[in-house]
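Take a look at the letters that make up each chain.
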Amino acid sequence: MNGLMMNYQLTLPTLMKRAETLHGKKQIITRQPDKSLHRYTYTDFALRTKKLSVALQQLGVMPGDRVATLCWNHYQHLEIYFGVPSFGGVLHTLNLRLSPDDLEYIVNHAEDKVIIVDQVLLPLFDKFKSKINVKHVIVIPNAGQPIPEGTLNYEEVIASSDERKYIPFEGDENTAAAMCYTSGTTGKPKGVLYSHRSIVLHSMVSAYAEGLSITEADVVLPVVPMFHVNAWGLPFTCTMLGSTIVFPGPYLDPISLLELVEKERVTITAGVPTIWLGILNVLDATPGKYNLSALRSMIVGGSAAPRSMIKSFQERHGLSILHAWGMTETSPLGSIGILNSEIQKENIELRYDYRAKQGVPVAFVEIRGRNEDGLIPWDGKTMGELEIRGPWIASAYYNSPEQDDKFTEDGWFRTGDIVTLDDKGYIEIKDRSKDVIKSGGEWISSVALEGALMGHPAVAEAAVFAIPDEKWAERPMACIVLKEGKTATREELKKFLEPLFAKFWLPDAYEFVKEIPKTSVGKFKKSVLREQFNTYKA
Ligand code: AMP
């Protein structure tokens, strides 16, 4: 017997409609390339988004067509986030930190029909534009500057359109709405295709109290780029709720961000650990300079948030980090580092231990771990690859049948992350499978060693990776960036780690470097270090 409930489709236009109907006066604020702040309301946003939707269709964009964006975080990007899926088109965000070769590959693989580019990013676009075949190039103009011949002006495209012709998409909720290519460091980028339904469900669970805990009253600053897993879904979640959104535009340096948090009384921000490590340094160097009293949650994901960073923010600045784990393939929210009622009663150091883990899976996300012996026990010790399933987890990569082995026969996604699972369901990421160090048949977690090293008072950043070893096959090596004006020797670092790890885990070599190479989304690029130190003798 079927239930007697409406078959209401979960589509993105319904999120915008809610913001427009209930929260029309709430603001969306953007720092523009000239550093001035642009402000408008959800009413303005909905009007312009409808115009964009109509205009794109008049330009010949059809349902199912991909519309690429090469943009920073700003209000026009939010309009495109909704304007494209609102008629059944597919929003395709391009990572502006990728190489021109990768961008060319991605645009051609996705067969994008239109590309919308920030004028400030035209120098990057110029490097691959001759190798792609899009029907229209639309430029988001930079304060009155003329745009190149042969391109369309985003503002004129909107101005010339009639919002009364807007018809929101009300078709099948499983229709594709957005796509994003992974920024993997090995092999070609792979396309992940989100549906209206997956984004709506992900928004609901992101918002709930045991997720990112966002409400209408929040002022949310997504530092995470809109080209990186849809800024972790925040533009959709915030619009659904009517939260105030503050977009940082191209200014992601610690001082610009701190000024924005102070001025707009931001309550929630989100970004990768390297952003927060930079902010922590500024706060330590200028205690009391910024009034961050409104800030109640700093969401950190993308790489492991070091325990020492979580503790330093809390104890020195009264700021609370919320640790989350996810992937492009998981929309991204998979697990969240909240403390359950049992752990909340534990002593403070144990609570920090738990906050540094990647947390428990959110509702509707199921997890399990596997190694060569089969499914791993939830004992907090045995390591295995994390497998995951749920309504916003990819079931395949776009047009890439050669990648089908990333999915199990019984329908789970193989994350490539090496984890332990404990009896309370907490996940701890030990490594990417390609980064884990295999020494004499045992696995050594580079993430655990890095987290510990970054707890040393002189260490700003630490990356640990495998170097070849005749006897043990692989041994760990650490590259260290020291904090400005601080010193530490190899011996000191070794002594610092000794009480924390088994002896065979301790790195054989330490090298002091100016910076750690980073990927396009701000993670340590260990493949470069492995190559660089391939013949290193400790
Ligand atoms: P991406 O698809 O670029 O977002 O990268 C996803 C990968 O980032 C995951 O598979 C993890 O290896 C890593 N990652 C994401 N969040 C965390 C976290 N909180 N702690 C450790 N690693 C993380």
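What this report covers is the structure whose coordinates are included nearby. (Residues numbered from 1 in each chain as written. Predicted model: local features only at pLDDT ≥ 70, side-chain atom pairs only at ≥ 80, totals over all residues. Heavy atoms only, no water.)

Notes on the sheet that holds strand β3 (residues 66-70)
Put simply, the rule is: When DSSP locates at least two bridges between a pair of strands, those strands are taken to pair. Strands are runs of DSSP state E lasting at least two residues, helices are runs of H or I lasting at least four, and both sets are numbered from the N terminus onward. Note on contacts: a residue pair qualifies if any of its non-hydrogen atoms lie within 4.5 Å across the two residues. Axis lines are fitted to C-alpha atoms, over the contacting stretch for helices. Their N-to-C directions set the angle, which ranges from 0 to 180 degrees.
Within the open sheet, the seven strands sit side by side as β7-β6-β5-β3-β4-β8-β9. Their pairing is mixed. Since the sheet does not close on itself, it has two edges, and those belong to β7 (152-153) and β9 (191-195), each with one partner. Note: β3 against strand β5 (residues 114-118), four bridges, orientation parallel. Each bridged residue has a counterpart across the sheet, and for T69 the counterpart in β5 is I116. Each of β3, β4 (90-93), β5 and β6 (136-140) is contacted by helix α3 (residues 75-83), which is oriented at about 140 degrees to β4, the strand it contacts most.

Section: the pattern of salt bridges
Our working definition: Each reported salt bridge corresponds to a side-chain nitrogen of Lys or Arg within 4 Å of a carboxyl oxygen of Asp or Glu.
Summed over the entire model, instances satisfying the criterion amount to 30 salt bridges. The partner of E428 in a salt bridge is K430, and the shortest N-O contact between them spans 3.5 Å.

What about the site of the ligand?
Quick note on the threshold: To be near a molecule or strand, a residue needs just one of its heavy atoms within 4 Å of it. Polar contacts, as counted here, are pairs of nitrogen or oxygen atoms within 3.5 Å of one another; within protein the pair requires one atom able to donate a hydrogen and one able to accept it, and residues that are adjacent in sequence qualify only if both atoms are side-chain atoms. Note on areas: Shrake-Rupley with a 1.4 Å probe; residue coverage comes only from the protein chains shown. Here the term charged refers only to Asp, Glu, Lys and Arg, the term nonpolar to Ala, Val, Leu, Ile, Met, Phe, Trp, Tyr, Cys and Pro, and the term polar to all other amino acids, Gly among them.
In the vicinity of the ligand lie 15 residues, with A324, T328, Q358, D417 and K523 positioned nearest. The contact in question runs from an oxygen atom of the ligand to an N or O atom on the side chain of T328, over 2.6 Å. Notes on the ligand: free accessible area 500 Å², of which the protein chains cover 91%. In terms of residue class, the shell around the ligand is built from four nonpolar, eight polar and three charged.

Points about the environment of R475
Stated precisely, the cut-off is as follows: Here the term buried applies to any residue with accessible area under 20% of the maximum for its type, exposed to any over 50%, and partly exposed to those in between, with areas from a 1.4 Å probe on protein chains only.
Tracing the chain through its elements places R475 in strand β25 (residues 473-482). Since its relative accessible area comes to 7%, R475 is described here as buried. Distance from R475 to I444, taken between C-alpha atoms, is 8.8 Å for residues 31 residues apart in sequence. Not counting residues up to four positions away in its chain, the partners in contact with R475 are I437, S439, I444, F465, A466, I467, D469, F504, L506 and D508. A distance of 2.9 Å separates the side chain of R475 from the side chain of D508, its partner in a polar contact.

Concerning the pairing of strand β26 (residues 509-512)
Every other side chain in a regular strand lies on the same face of the sheet, so the side chains alternate between the two faces. Defined as follows: A crossover gets the label right-handed when its path from the first strand over the helix to the second runs clockwise, viewed with the strands pointing away from the viewer.
Judged from the four bridges that link them, β25 and β26 form a sheet pairing that is parallel. Residue pairing in the sheet places I480 in a bridge with F512 of β26. Note on the crossover from β25 through helix α16 (residues 490-497) to β26: the handedness is right-handed.

Topic: the pairing of strand β13 (residues 297-300)
Both faces of β13 are covered, namely the face carrying S297 and I299 and the face carrying M298 and V300. As judged from the four bridges shared by strand β12 (residues 268-271) and β13, these two strands associate in the parallel manner. Bridge pairing in β13 places A270 opposite I299. Viewed along the sheet, the connection from β12 through helix α11 (residues 273-285) into β13 turns out right-handed. Traced from β13 through helix α12 (residues 307-317) to strand β14 (residues 321-326), the parallel crossover comes out right-handed.

Geometric descriptors of this kind do not, in isolation, establish any biological role.
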